[in-house]
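Chain by chain, the residues run as shown.
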Amino acid sequence: MSLSVSLTAIPGIPDIREGDDLAAIIGDRLDAAGLGLRHGDILCVAQKVFSKAEGCIIPLATVTPSDEARRYADELNKDARKVEVVLRESTRVVRSFRRPDQNEGTMICEHRLGFISANAAVDESNFGEESAVMVLPPDPDASCAALREALHARFGAEIGVVMTDTFGRPWRLGQVNVAIGLSKVPATIREQGNTDAWGRPLQVTEPALADEIAAASGLVVRKDGKTPAVLLRGLDWTPAESRGADILRKKQEDMFR
């Protein structure tokens, strides 16, 4: 059991561009900061740097809105081209709304990867391009695995990687980082069958380890600080063949659909 862990925002990571070698850049910055990597370390890396490196940027000039996109755009006062990208990234629109105090409304969507999020995680902040939007990488787990394998080859350490993104939560204000891609880090820890401190059997307890790690990384990241990668050190965990989708609730168990 871990009694303490440390979280360190890796300093000096430059703006990432399409084709950049994330492992080389992050590895160099780890060395420059005197951090390196040790067995059991976990790297939390923001989705945006993966998307930038993998070219997941869509110029709006290349987007032709559909009739459906135009309908949503009129209802929500949104750019129809942005709405079209949201629809392309989604399997369904769960709900759309625009409050009287909002200039632009919101679409709550089920992303093609299964996550429920605002605007299907289509973003236009923190990547320095005008008239363009960013989408999630096509396979976040594969992106995490490639980064982990390259850093393992460089440092010789068995580590985990979590790709994070910022989501809102139903019934609660504000946003937190959540895990959308994993390599070796367990999505959850199944405590069912264990006992609590008084010897009572646990029946439903299943900590969302990957999301806990992702949320913790947000404590040392500032939106204007250009610190998209965080090193978590000191956690006691066991590697697993995990996927970001492992943390999604099965449809037949979802009481809110």
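Below is a short write-up of the structure. (Residues numbered from 1 in each chain as written. Predicted model: local features only at pLDDT ≥ 70, side-chain atom pairs only at ≥ 80, totals over all residues. Heavy atoms only, no water.)

Our focus in this paragraph is the overall build of the protein. In terms of regular secondary structure, the protein is built from 6 helices and 10 strands. Computed over C-alpha atoms, the radius of gyration of the protein comes to 19 Å, within 12% of the 18 Å expected from 2.2 N^0.38 for 257 residues, which places it in the range of a compact globule. When the backbone C-alpha atoms are referred to their principal axes, the protein occupies close to 55 × 50 × 30 Å. Within the protein, buried positions represent 42% of all 257 residues. Split by element, the accessible area of the protein, about 14100 Å² in all, is 49% carbon and sulfur. Counting 32 positive and 38 negative side-chain charges, the protein places the averaged centre of each group 3 Å from the other. (Helix = DSSP H or I, 4+ residues; strand = E, 2+ residues; numbered from the N terminus. Rg over C-alpha atoms; globule rule 2.2 N^0.38 Å. Buried < 20%, exposed > 50% of the residue type's maximum accessible area, 1.4 Å probe, protein only. Areas by Shrake-Rupley, 256 points an atom, 1.4 Å probe, with all protein chains shown as cover. Lys, Arg positive; Asp, Glu negative; His and termini not counted. Charge placed at Lys NZ, Arg CZ, Asp CG, Glu CD.)

The next subject is the sheet that holds strand β6 (residues 116–118). As summarised here, the arrangement of the 3 strands in space is β4-β5-β6, forming an open sheet in which the pairing is antiparallel. At either end of the open sheet lies a strand with only one pairing partner, and these are β4 (90–97) and β6. Each neighbouring strand pair of the sheet contributes to a mean axis angle of 25°, computed without reference to strand direction. Where β4 meets strand β5 (residues 106–111), 6 bridges bridge the pair, whose relative direction is antiparallel. Counterpart to S90 in the pairing with β5 is H111. Against the sheet, helix α4 (residues 80–89) touches β4 and β5, its axis set at about 130° to β4. (Pairing = 2+ DSSP bridges. Axes fitted to C-alpha atoms, helices over the stretch in contact; angles between N-to-C directions. Contact = heavy atoms within 4.5 Å.)

A separate point is the side chain of T227. Tracing the sequence through the fold places T227 in the loop between α6 (209–217) and β10 (229–233). The exposure class of T227 is buried, given its relative accessible area of 16%. In this structure T227 touches A9, I10, V220, V221 and R222, once residues within four positions along its chain are discounted.

The subject of this paragraph is the sheet that holds strand β2 (residues 42–46). Spatial strand order, β1-β10-β2-β8-β9: 5 strands in an open sheet with mixed pairing. Because the sheet does not close on itself, it has two edges, and the strands there are β1 (6–9) and β9 (172–183). Neighbouring strand axes in the sheet, compared pairwise and without regard to direction, differ in orientation by 30° on average. Here 4 bridges tie β1 to β10, and the two strands are oriented antiparallel to one another. Paired with A9 across the bridge in β10 is V230. Relative to β9, helix α5 (residues 140–155) is tilted by about 60°, and along the sheet it contacts β2, β8 (160–169) and β9. The sheet contacts of α6 involve β1, β2, β8, β9 and β10, and relative to β9 the element is tilted by about 120°.

Following the criterion strictly, the structure yields 14 salt bridges and no others. Residue D123 is joined to K48 by a salt bridge in which the shortest nitrogen-to-oxygen separation is 2.6 Å. With D123 in the loop between β6 and β7 (132–134) and K48 in helix α2 (residues 47–53), this residue pair connects regions lying 75 residues apart in the sequence. The partner of R99 in a salt bridge is D101, with the nearest N and O atoms 3.2 Å apart. Take R99: its relative accessible area is 43%, and that puts it in the partly exposed class. Beyond isolated ion pairs, a larger network of salt bridges with shared partners links D28, D31 and R154. (Salt bridge = Lys/Arg side-chain N within 4 Å of Asp/Glu carboxyl O.)

Applying the stated criterion to the full structure yields 1 aromatic pair. Taking 6.2 Å as the distance between ring centres and 75° as the angle between the ring planes, the aromatic pair formed by F115 and F167 counts as edge-to-face. Placement of the pair is F115 in the loop between β5 and β6 and F167 in strand β8, with a sequence separation of 52 residues. (Phe/Tyr/Trp six-rings, centres within 6.5 Å; stacked < 30°, edge-to-face > 60°.)

Another aspect to go through is the nonpolar core. Counting residues in each nonpolar core, the largest one holds 30 residues, and the members touching the most others are I10, I26, L37, L43, V45 and L147. Only α1 (22–32), β2, α2, α5, β8, β9 and β10 provide two or more residues apiece to this core. Ranked by residue count, the leading element in this core is α1, at 5 residues. Not counting chain neighbours up to four residues away, the residues in contact with I10 comprise I26, R29, L30, L43, T227, A229 and L231. (Core = buried A, V, L, I, M, F, W, Y, C linked by side-chain atoms within 4.5 Å.)

So, on to the packing of helix α3 (residues 67–76) against α4. Relative to each other, α3 and α4 sit at 120°, their axes nearing to 8 Å. Viewed along their axes, α3 and α4 adopt a mutual orientation that is oblique. For the pair α3 and α4, the sense of crossing is right-handed. Two secondary-structure elements touch here, α3 through E68, A69, R70, Y72 and A73 and α4 through A80, V83, E84 and L87. Broken down by class, the residue content of the contact of α3 with α4 amounts to 6 nonpolar, no polar and 3 charged. (Parallel < 35°, antiparallel > 145°, perpendicular 65-115°, else oblique. Left-handed = near helix turned anticlockwise from the far one by under 90°. Nonpolar A, V, L, I, M, F, W, Y, C, P; charged D, E, K, R; others polar.)

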